[in-house]
Amino acid sequence: MFDIFAGLDPWVGLSLVLALTFVLAFEFINGFHDTANAVATVIYTKAMPAHLAVVLSGIFNFLGVLLGGVGVAYAIVHLLPVELLINVDTGRGLAMVFAMLTAAIAWNLGTWYFGIPASSSHTLIGSILGVGLANALLTDLPIGAGVNWGKAIDIGMSLVASPIAGFAVAGGVLLLLKRWLPLSKMHKTPDQRRAVDNKKHPPFWNRLVLVLSAMGVSFVHGSNDGQKGIGLIMLVLIGIVPAQFVLDENATTYQIDRTRDAATHLSAFYHRNEATLGEYLALPAAGRRADLPSNFSCDPKSTLATIDALQHALTGVSHYKDMPPATRVDVRRYLLCLDDTAKKVAALEGLPARERADLQRLRGDLTATTEYAPLWVIIAVAVALGVGTMVGWRRVVLTVGEKIGKQGMTYAQGMAAQVTAVGAIGLANVFSLPVSTTHVLSSGVAGTMVAHGSGLQGSTVRNILLAWILTLPASMLLAAGLYWIGIMISG
């Protein structure tokens, strides 16, 4: 880990330390900001003591980050257009990272202070979009080129659909519980349980489900939200010390061979589908290859030349460490551009489903050594998120437990909301889509309140919806302004 500082100018090294500190601070704040939602029901229903719940939640968040992979991490990274990702210099990279993180941290702290279950995911995504759009304006690019809009739409759909699904599914689960077990003690609130049964804790089976589902929410939260911190750290490392992190230096010879073979198969794939793709990719007749422009950019019409350049750079290479730093940077550029073009090709009409599936497998081989994270990065994020979970949870617990509905939450409502959240967030992890734990769980609680017939507290719901609506534009504007200031300062 510490060898990344070797040979760096003192100010660059200091900037790197500050940038990594900001990322870990964001994850720490994310821990007590978002994970309060994971333990809200289990604490409010007295299924577990608060101190034990937050400690176990912190542990399961840690495990979620450790075991969750990096799919969501790079979904966040690829919100930025590929042209920006391949041309990040130190000054612009620092401005980009500090703008995103400062905006995200400021908004998260503000909403946490007022006890509003706002979304860290929305905040971070808004910050990234703001930086991308600001970069387009500052570099005279079209606004449409400032953000990877295809990825942004996919993520936006997941962020919108997940709370709606949480509301509907959790409400449906509660209705089923009331239909199947109408007289069960699970339909009591903690206050009713204490007054009627003179008992402090939920019935055994209800308590077990509440505890297990709360830890499940913590685990999937770690595996989804924790990856966002991993993606941010990789942006920091690639932007400030690219020579060591543009490619996975620990990639095996087999992985490098797979990457080289994927480029060969990609060329064959394009020629096989020349009737459909010839004009889009400017495929030359008789297999002749165009030269790669000296001013390299991700142009689909340069795809074959990019494949040639990649294969030439990887010829005889068994370890990335053996390559000159400049060549490593070039290889990453080639791989990102080939992947970006392949994704665009897959969206074109006329390709058979089987060919699209082949192209998707080739994309996986192309990005195997660019979409990665060192173990120390994963552990650092896991620790920051886990420790953050153990502080600052009280404000949001009260909101989720008592202020969403017009009466307190029953045990059945807590179980329905938590089981729904585990399923929704876990499914999002499978498809590498970032979602908001806050929105899924709080909307699930709201759905159970409506299904229970207790209604919703207008003021709390209004505050949550207001935060939901304002988070994206506020974080975008704040990050864009900070990025502009950073670029002006860095010259």
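Going by the structure above, here's the rest.
Quantities reported herein were computed from a predicted structural model and do not represent experimental measurements.

**Digging into the packing of aromatic side chains**
Here is step 1 of the chain: Enumeration according to the criterion identifies three aromatic pairs in this entry.
Here is step 2 of the chain: Taking the centre distance of 5.1 Å and the plane angle of 75 degrees together, the rings of phenylalanine 204 and tryptophan 205 count as edge-to-face.
Here is step 3 of the chain: We classify phenylalanine 204 as exposed; its relative accessible area is 58%.
Here is step 4 of the chain: Take tryptophan 205: its relative accessible area is 61%, and that puts it in the exposed class.
Here is step 5 of the chain: Judged by centre distance (5.8 Å) and plane angle (70 degrees), the rings of phenylalanine 269 and tyrosine 270 are edge-to-face.
Here is step 6 of the chain: With a relative accessible area of 0%, tyrosine 270 lands in the buried category.

**Some words on the state of the cysteines**
Here is step 1 of the chain: The full count for this structure, using the stated rule, is one disulfide.
Here is step 2 of the chain: Linked covalently through their sulfurs, cysteine 298 and cysteine 337 form a disulfide whose S-S length is 1.7 Å. Sign of the S-S torsion, about -55 degrees for the bond between cysteine 298 and cysteine 337, identifies this disulfide as left-handed. Of the two residues, cysteine 298 sits in the loop between helix H12 (274–281) and helix H13 (303–314) while cysteine 337 sits in helix H14 (residues 325–346), which places them 39 residues apart along the sequence.

**Focus on the side chain of arginine 328**
Here is step 1 of the chain: Within the element layout of this structure, arginine 328 appears in helix H14.
Here is step 2 of the chain: For arginine 328, the contacting residues outside a window of four places in its chain are Ala243, Gln244, Val246, Leu247, Glu249, Tyr320, Lys321 and Met323.

**Digging into the nonpolar core**
A general tendency of soluble globular proteins is for nonpolar side chains to be buried together.
Here is step 1 of the chain: Counting 98 residues, the largest nonpolar core has Leu237 and Tyr270 as the members making the most contacts within it.
Here is step 2 of the chain: It is helix H5 (residues 90–113) that contributes the most residues to this core, 11 residues altogether.
Here is step 3 of the chain: Of the residues that make up this core, three or more belong to each of domain 1 (7–244 + 373–490) and domain 2 (253–284 + 295–368).
Here is step 4 of the chain: Contacts of tyrosine 270, omitting those with residues within four sequence positions, involve Leu277, Leu281, Leu283, Thr303, Thr341, Ala342, Val345 and Leu359.
Here is step 5 of the chain: Counting 19 residues, the second largest nonpolar core, distinct from the first, contains Ile43, Ala47, Val54 and Ala214.

**Brief notes about the packing of helix H2 (residues 50–67) against helix H9 (residues 204–240)**
Here is step 1 of the chain: Running from amino to carboxyl end, H2 crosses H9 at an angle of 50 degrees, the nearest separation of the two axes being 7 Å. Looking at the two axes, H2 sits oblique to H9. The handedness of the crossing between H2 and H9 comes out as right-handed. Mapping the contact onto sequence places Ala53, Leu56, Ser57, Phe60, Asn61, Leu63, Gly64, Val65 and Leu67 in H2 and Met215, Ser218, Phe219, His221, Gly222, Ser223, Gly226 and Ile230 in H9.

**Description of the pattern of salt bridges**
Here is step 1 of the chain: Counted according to the given criterion, the structure contains 12 salt bridges.
Here is step 2 of the chain: Ionic pairing is found between arginine 328 and glutamate 249, a salt bridge with its closest N-O pair at 2.7 Å. Of the two residues, arginine 328 is situated in helix H14 and glutamate 249 in the loop between helix H10 (242–245) and helix H11 (253–272); the sequence distance between them amounts to 79 residues.
Here is step 3 of the chain: Its relative accessible area of 8% is what places arginine 328 among the buried residues.
Here is step 4 of the chain: The partner of glutamate 355 in a salt bridge is arginine 272, with the nearest N and O atoms 3.2 Å apart.

**Structural notes on helix H15 (residues 353–366)**
Two residues of an α-helix separated by three or four positions point the same way, owing to the 3.6 residues in each turn.
Here is step 1 of the chain: Taking 1.5 Å of rise per residue, 14 residues should cover 20 Å, and H15 covers 20 Å from first to last C-alpha, within 8% of that figure.
Here is step 2 of the chain: Buried within H15 are the following residues: Glu355, Leu359, Leu362, Arg363, Asp365 and Leu366. Axial view of H15: buried residues confined to an arc of 160 degrees, hence all on one face. In H15, the exposed positions angled more than 90 degrees off the buried face are occupied by Ala353, Arg354 and Arg361.
Here is step 3 of the chain: Summarising the contacts, the buried residues of H15 are in contact with H11 and H14.

The rules behind these values
- Residues numbered from 1 in each chain as written.
- Predicted model: local features only at pLDDT ≥ 70, side-chain atom pairs only at ≥ 80, totals over all residues.
- Heavy atoms only, no water.
- Phe/Tyr/Trp six-rings, centres within 6.5 Å; stacked < 30°, edge-to-face > 60°.
- Buried < 20%, exposed > 50% of the residue type's maximum accessible area, 1.4 Å probe, protein only.
- Disulfide = S-S within 2.5 Å.
- Helix = DSSP H or I, 4+ residues; strand = E, 2+ residues; numbered from the N terminus.
- Contact = heavy atoms within 4.5 Å.
- Core = buried A, V, L, I, M, F, W, Y, C linked by side-chain atoms within 4.5 Å.
- Domains from an automatic or database assignment.
- Axes fitted to C-alpha atoms, helices over the stretch in contact; angles between N-to-C directions.
- Parallel < 35°, antiparallel > 145°, perpendicular 65-115°, else oblique.
- Left-handed = near helix turned anticlockwise from the far one by under 90°.
- Salt bridge = Lys/Arg side-chain N within 4 Å of Asp/Glu carboxyl O.
- Expected span 1.5 Å × (residues − 1).
- Arc of directions from axis to C-beta.

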